[in-house]
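Per-entry structural report
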Amino acid sequence: DVAVAERVGSALSQALSIHHQLQWSTLAVAFRTLQELAAAADVPVGRARHVLVPPLRERVLNPLATELLHMLRRYGGDVQEAWVQEFQEQWVQRQSSLWE
């Protein structure tokens, strides 16, 4: 049912929008669930795009693009280095949380 796919897709988009507050495993499950939902809701072909993309774009992609632009302004040419540093910090946090 399209209404169910819209509600579930919207909830998953909301969960992904708070990615800074969630553990990696939770984000991975949300992405996988969204992928499965897209496959199930894609009848007729193309329906999933019309149902799932708008909330994903509004809640996840647009804010991430804005965050990236802020990083570009803040770090200038050192964005890649800053991204690598941030990734490494998050990786260490993730490894620490696995053992807690």
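Residues numbered from 1 in each chain as written. Predicted model: local features only at pLDDT ≥ 70, side-chain atom pairs only at ≥ 80, totals over all residues. Heavy atoms only, no water.

1. Details of helix 2 (residues 24-41)
In a regular helix each residue adds 1.5 Å, so 18 residues correspond to 26 Å; helix 2 covers 25 Å between its end C-alpha atoms and thus fits that length. Three or more residues of helix 2 are buried, namely L27, A30, L34, L37 and A41. Down the axis of helix 2, the buried side of the element spans an arc of 85°, and every buried residue falls inside it. The outward face of helix 2, more than 90 degrees from its buried face, is lined by the exposed residues V29, A39 and A40. On its buried face, helix 2 is in contact with helix 1 (2-17) and helix 3 (47-75). (Helix = DSSP H or I, 4+ residues; strand = E, 2+ residues; numbered from the N terminus. Expected span 1.5 Å × (residues − 1). Buried < 20%, exposed > 50% of the residue type's maximum accessible area, 1.4 Å probe, protein only. Arc of directions from axis to C-beta. Contact = heavy atoms within 4.5 Å.)

2. Re the environment of L56
With respect to the helices and strands, the residue L56 is situated in helix 3. Taking the C-alpha atoms as reference points, L56 and S10, separated by 46 residues in sequence, lie 7.4 Å from one another. Not counting residues up to four positions away in its chain, the partners in contact with L56 are S13, L16, L34 and L61.

3. Some thoughts on the packing of helix 1 against helix 2
Close contact between helix 1 and helix 2 brings their axes to 10 Å; oriented N to C, the two are set at 155°. Comparing the axis directions of helix 1 and helix 2 gives the class roughly antiparallel. The way helix 1 lies across helix 2 gives a crossing that is left-handed. Residues A5, V8, G9, L12 and L16 of helix 1 touch helix 2, and the partners they reach there are L27, A30, F31, T33, L34, L37 and A41. (Axes fitted to C-alpha atoms, helices over the stretch in contact; angles between N-to-C directions. Parallel < 35°, antiparallel > 145°, perpendicular 65-115°, else oblique. Left-handed = near helix turned anticlockwise from the far one by under 90°.)

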